[in-house]
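Examination of the molecular architecture
Residues per chain, in single letters:
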Amino acid sequence: MKDIRINKQRLWDTLMEMGEIGGTEKGGSCRLALTDLDKQGRDLFVRWCEEAGCTITVDKMGNIFARRAGEDNSLPPVVMGSHLDTQPTGGKFDGVYGVLAGLEVIRTLNDNDIKTRAPVEASVWTNEEGSRFPPAMVSSGVFAGEFDLEYGLSRADLDGKTMGEELKRIGYAGDADVGGRSFKAFFEAHIEQGPILEDEDKKIGVVTDAQGQRWYELTLTGQESHAGPTPMPIRRDALVGAARIIDMVNRIGMDNQPNACATVGLLQVFPNSRNVIPGEVFFTVDIRHPNDKILEQMDQALREGAERIAEDARLEMEFKQIWHSPPVPFNKDCVDSVRRATEELGFSHRDMVSGAGHDACYISRVAPTSMIFVPCEDGISHNEAERADPDDLAAGCDVLFRAVVQHAND
Ligand code: HGY
Ligand code: MN
Ligand code: MN
Ligand code: MN
């Protein structure tokens, strides 16, 4: 294909403009799923796509598809996309890059008056982060048939608000069915969210797989009592039990290096008063590994260890696994077209496994799918300091452009 390149400045400007919606003091973005700020970001994306001549479809989980017609619109589309929702202290690139790189591909096709054989779509997947409404990737999960629609719409935040209610409130409760339609291929461009590409000075990550993950919720119940007169030996302190389990979670991660990850990210103490012995603690556990067998062993170690610690500390424990997303091998054809496009463009690259989960993980169950990674500064993400270099972002988008056009014209 003649050496067409995307418009680097225009891509950067759209990322900066979108990043201002929910922009934070430290230069990040906070647009939790289905908040008014998420709505503002969605509205801006829809406006840009309509200005680029796309037709918009929204499904019952609020997933957005901006379609650019091809010569033969009876063919399944080649779809690009990611998510616009962020972590509470998120950055300007996680998810957003994959959505706006899709828009930039469509704008570049328009600039060069290219008509692809199959239609091309840029997509936004609702609530990828799972931060406000666990679990993560729930809407691509419904699309891929992992969850049913009722489960998806009933996901609730800590205030009990459901996704169904919030989709209606912000005007993104679409009427299109979720899933049940095929994609010729799906590509998600994303920042690596880790240090490998930057450390090895590589421009592109050719993502072959994504690691598996399991999410849990634990509630430990002891005895609330006075921090003064209650003798230490008879206390049933829920926070002491939680602290021991948290330390064990970290050890399970360290004992399964390389590759294992184990994190406690959310903890709530009740009644959370400085002179009351905590009677109840709620916390989450997130464990990950590229190999499902090892992930299973980590799961076993977590269950047995938590049981033992709760018993020793004379605490009741409610232990729930709320999500399991097994490791994902991406589609070989798609991976090869990403690698070929990268080589044609002369970008340095390396194959890699994604440490993070992505909508592509579920979409790969229903369509040939793969991902394109670009470096991010110091590998930092899920942090307001998240940064990526405009040249790297443009390079990833050039690779996306070529891979998408190749599959749309196959
Ligand atoms: O947790 C993840 O891997 C993703 O960012 N939701
Ligand atoms: Mn993401
Ligand atoms: Mn993320
Ligand atoms: Mn993700």
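Residues numbered from 1 in each chain as written. Chains lettered and ligands numbered in written order. Predicted model: local features only at pLDDT ≥ 70, side-chain atom pairs only at ≥ 80, totals over all residues. Heavy atoms only, no water.

Our next topic: the overall build of the protein chain. Looking only at helices and strands, the protein chain features 12 helices and 16 strands. In terms of C-alpha radius of gyration, the protein chain reaches 22 Å, essentially the compact-globule figure of 22 Å for 410 residues. Here the protein chain, with 410 residues, has 55% of them falling under the buried criterion. Contacts in the protein chain between residues far apart in sequence, at least 24 positions, make up 80% of those at least 6 positions apart. As presented, the protein chain carries roughly 16700 Å² of accessible surface, and 48% of it is formed by carbon and sulfur atoms. Across the protein chain, the 44 positively charged side chains and the 68 negatively charged ones have centroids separated by 1 Å. (Helix = DSSP H or I, 4+ residues; strand = E, 2+ residues; numbered from the N terminus. Rg over C-alpha atoms; globule rule 2.2 N^0.38 Å. Buried < 20%, exposed > 50% of the residue type's maximum accessible area, 1.4 Å probe, protein only. Contact = heavy atoms within 4.5 Å. Areas by Shrake-Rupley, 256 points an atom, 1.4 Å probe, with all protein chains shown as cover. Lys, Arg positive; Asp, Glu negative; His and termini not counted. Charge placed at Lys NZ, Arg CZ, Asp CG, Glu CD.)

When the terminal C-alpha atoms of helix H3 (residues 96-111) are compared, their 22 Å separation across 16 residues agrees well with the 22 Å that a helix rising 1.5 Å per residue should span. Of all 16 residues in H3, 14 are buried; the element is thus mostly enclosed. Directly after H3, the chain includes Asp 113, whose backbone phi takes a positive value near 55 degrees. (Expected span 1.5 Å × (residues − 1).)

What follows concerns unusual backbone geometry. In this structure, the amide linkage connecting Gln 257 to the following residue, Pro 258, adopts the cis form with an omega of -5 degrees. If you trace the backbone, Pro 258 turns up in the loop between helix H8 (238-255) and strand S9 (261-263). Between Phe 270 and the following residue, Pro 271, the backbone shows a cis peptide bond with an omega angle of 5 degrees. With respect to the secondary-structure elements, Pro 271 resides in the loop between strand S10 (267-270) and strand S11 (276-277). Positioned with a positive phi, Asp 113 is a non-glycine residue whose angle comes to about 55 degrees. Assignment of secondary structure puts Asp 113 in the loop between H3 and strand S4 (120-124). For Asn 127, which is not glycine, the phi dihedral falls at a positive 55 degrees. In this fold, Asn 127 is placed in the loop between S4 and helix H4 (138-143). Given a relative accessible area of 1%, Asn 127 falls into the buried group.

In this structure, Asp 94 (OD), Glu 129 (OE), Glu 129 (OE) and His 382 (NE2) serve as the protein donors to the manganese ion (ligand 3), at separations of 2.2 to 2.6 Å. Between the donor residues of the manganese ion (ligand 3), the gaps in sequence give the motif D-x34-E-x252-H. The two metals, the manganese ion (ligand 3) and the manganese ion (ligand 2), are separated by 3.5 Å and share Asp 94 as a common coordinating residue. Of the two residues, Glu 129 is situated in the loop between S4 and H4 and His 382 in the loop between strand S16 (369-374) and helix H12 (390-409); the sequence distance between them amounts to 253 residues. (Donors = N, O, S within 2.8 Å, 3.2 Å for Na, K, Ca; no water.)

Summarizing the sequence annotation, UniProt attributes the feature "domain: Peptidase M20 dimerisation" (unreviewed entry) to residues 211-308 in the numbering used throughout. Between the C-alpha atoms that bound residues 211-308 there is a distance of 28 Å. The span itself is 36% helix and 32% strand. (UniProt positions renumbered as here; feature names shortened; annotations may be inferred.)

A few words on the pattern of salt bridges. Across all of its chains, the model carries 32 salt bridges by this definition. Across the salt bridge formed by Asp 111 and Arg 10, the nearest N and O atoms sit 2.9 Å from each other. A residue pair is termed long-range when its members are at least 10 positions apart, and Asp 111 in helix H3 and Arg 10 in helix H1 (residues 8-20) qualify at 101 residues. In this structure, the salt-bridge partner of Asp 392 is Lys 203, at a minimum N-O distance of 2.8 Å. On the criterion of sequence distance, the pair formed by Asp 392 in helix H12 and Lys 203 in the loop between helix H7 (196-199) and strand S6 (204-210) is long-range, its members being 189 residues apart. Residue class for Asp 392 comes out buried when judged on its relative accessible area of 12%. (Salt bridge = Lys/Arg side-chain N within 4 Å of Asp/Glu carboxyl O.)

Here we take up the site of ligand 1. Around ligand 1 sit Glu 128, Glu 129, Ala 136, Gln 213, Arg 288, Ala 356, Gly 357 and His 382, and those are all the residues in its vicinity. Measuring from an oxygen atom of ligand 1, one finds a side-chain N or O atom of Glu 129 at 3.2 Å. In the environment of ligand 1, an oxygen atom lies 2.7 Å from a nitrogen or oxygen atom belonging to the side chain of Arg 288. Relative to its unbound accessible area of 220 Å², ligand 1 is 95% covered by the protein chains. Looking at the shell around ligand 1, its residues break down into 2 nonpolar, 3 polar and 3 charged. (Near = heavy atom within 4 Å. Polar contact = N/O pair within 3.5 Å; in protein donor to acceptor, adjacent residues only side chain to side chain. Nonpolar A, V, L, I, M, F, W, Y, C, P; charged D, E, K, R; others polar.)

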